[in-house]
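Summary of the model geometry
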Amino acid sequence: MLTDRRLEKIERVARNRQSDLTIVLNNVHDPHNIGAVLRTCDSVGISEIFVILNDGFTTENSIVLGKKAASSARKWVDVYLYQDVEKCMKDIKSKYKTIAGTHLGTDSVSCYDVDFTQSLALVFGNEHAGISDEVLPYLDTNILIPQMGMVESLNISVSVAITLYEAYRQRKTNRQYDKIADADFYNNIKSSYLERNKDKYFGSTMIKVE
């Protein structure tokens, strides 16, 4: 039964979902890392993420999201799986204005100097190889997380969390969580979440895009 309290929460969550902010994971293999990313995305109001598997050996079966990895966030954040880089980036570009990567380079700027109030897709590569060569040409800009240690490396899920909470801070200050910017987006999210709420055992919303 849908209680008034539960309905109020679904409406609040739908209202705070950000239609113009997303995460792209490029060949991130560990389901626990992806699960942790989903939990952070849900926390800051992201409704969908994109996963690109173009390394030739990572498959959708190897990143099945378990309950422990993603908690219940896997029920509320859609995961779109792609192997075709061009199609994925085209789909992302049709919805998000700027694509920013975490590829280390001389042109990289601190995440604290990035305008996260704009329409933005943030691309993160795996911890060993980084963002793949096929994805790099699609990046509009590069960002980095300032580090002062000997080992300049952070876990992928930690990097996503740091970056997204800077985005949250900026958007909260800009009052982007205080109003419904897109009524159609809000209504679609609310309707979808009401349906998902009916199914106690609703699993991962992983969608393979051919």
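Residues numbered from 1 in each chain as written. Predicted model: local features only at pLDDT ≥ 70, side-chain atom pairs only at ≥ 80, totals over all residues. Heavy atoms only, no water.

**Looking at the pattern of salt bridges**
Counted by the stated rule, this structure contains 11 salt bridges. Among the salt bridges present, the one from Glu 166 reaches Arg 169, with a minimum N-O distance of 2.8 Å. With Glu 166 and Arg 169 both in helix H5 (residues 156-173) and three residues apart, the pair spans about one turn of that helix. Accessibility expressed as a relative area gives 45% for Arg 169, which makes it partly exposed. Across the pair Asp 178 and Arg 175 runs a salt bridge whose closest N-O atoms are separated by 3.6 Å. Taken together, the shared-partner salt bridges in this structure form one network comprising Lys 172, Arg 175 and Asp 178. (Salt bridge = Lys/Arg side-chain N within 4 Å of Asp/Glu carboxyl O. Helix = DSSP H or I, 4+ residues; strand = E, 2+ residues; numbered from the N terminus. Buried < 20%, exposed > 50% of the residue type's maximum accessible area, 1.4 Å probe, protein only.)

**Topic: the packing of aromatic side chains**
Here the structure, examined in full by the defined rule, presents six aromatic pairs. Here Phe 50 and Tyr 96 contribute two aromatic rings whose centre-to-centre distance is 6.4 Å and whose plane-to-plane angle is 85°, an arrangement assigned as edge-to-face. Taken together, the residues Phe 50 in strand S2 (residues 48-52) and Tyr 96 in the loop between helix H4 (85-93) and strand S4 (98-101) connect sequence positions 46 residues apart. When its relative accessible area of 3% is taken as the criterion, Tyr 96 is described as buried. When the ring of Tyr 165 is compared with that of Tyr 168, the centres are 5.7 Å apart and the planes differ by 55°; the resulting orientation is tilted. Pair noted here: Tyr 165 and Tyr 168 are both in helix H5, with a separation of three residues, about one helical turn. With relative accessibility at 28%, the residue Tyr 168 sits in the partly exposed group. (Phe/Tyr/Trp six-rings, centres within 6.5 Å; stacked < 30°, edge-to-face > 60°.)

**Quick notes on the layout of surface pockets**
Unoccupied space between atoms shows up once a probe the size of one water molecule is rolled over them. The calculated volume of the second largest pocket comes to roughly 220 Å³. Residue composition of the lining of the second largest pocket, grouped by class: six nonpolar, five polar and four charged. (1 Å grid on protein atoms, 1.4 Å probe; cavity = no way out; pocket = protein on both sides within 12 Å on 5 of 7 lines; lining within 4 Å. Points joined across faces, edges and corners; volume = space filled by probe spheres on them. Nonpolar A, V, L, I, M, F, W, Y, C, P; charged D, E, K, R; others polar.)

**Description of a positive patch on the surface**
A cluster of basic residues, Arg 5, Arg 6, Lys 9, Arg 12 and Arg 15, forms a positive patch at the surface. With respect to the secondary-structure elements, Arg 12 resides in helix H1 (residues 4-16). Judged by its relative accessible area of 39%, Arg 12 falls in the partly exposed class. (Patch = residues over 30% accessible without salt bridge, like charges linked within 9 Å, V, L, I, M, F, W, Y side chains within 5 Å. Areas by Shrake-Rupley, 256 points an atom, 1.4 Å probe, with all protein chains shown as cover. Lys, Arg positive; Asp, Glu negative; His and termini not counted. Charge placed at Lys NZ, Arg CZ, Asp CG, Glu CD.)

**Comments concerning the side chain of Thr 22**
Residue placement: Thr 22 occurs in strand S1 (residues 21-26). For Thr 22, the residues in contact, after removing those within four places along its chain, are Ile 46, Glu 48, Ile 49, Phe 50, Tyr 96, Leu 120, Ala 121 and Leu 122. (Contact = heavy atoms within 4.5 Å.)

**Some thoughts on the packing of H1 against helix H6 (residues 183-198)**
Relative orientation of the contacting elements H1 and H6 amounts to 140°, with a least axis distance of 9 Å. Between H1 and H6, the crossing angle belongs to the class labelled oblique. Once H1 is placed against H6, the crossing between them reads as right-handed. The segment H1 lies against H6, with Arg 6, Leu 7, Ile 10, Glu 11, Val 13, Ala 14 and Arg 15 engaging Tyr 186, Ile 189, Lys 190, Tyr 193, Leu 194 and Asn 197. Residues of the contact of H1 with H6, tallied by class, amount to eight nonpolar, one polar and four charged. (Axes fitted to C-alpha atoms, helices over the stretch in contact; angles between N-to-C directions. Parallel < 35°, antiparallel > 145°, perpendicular 65-115°, else oblique. Left-handed = near helix turned anticlockwise from the far one by under 90°.)

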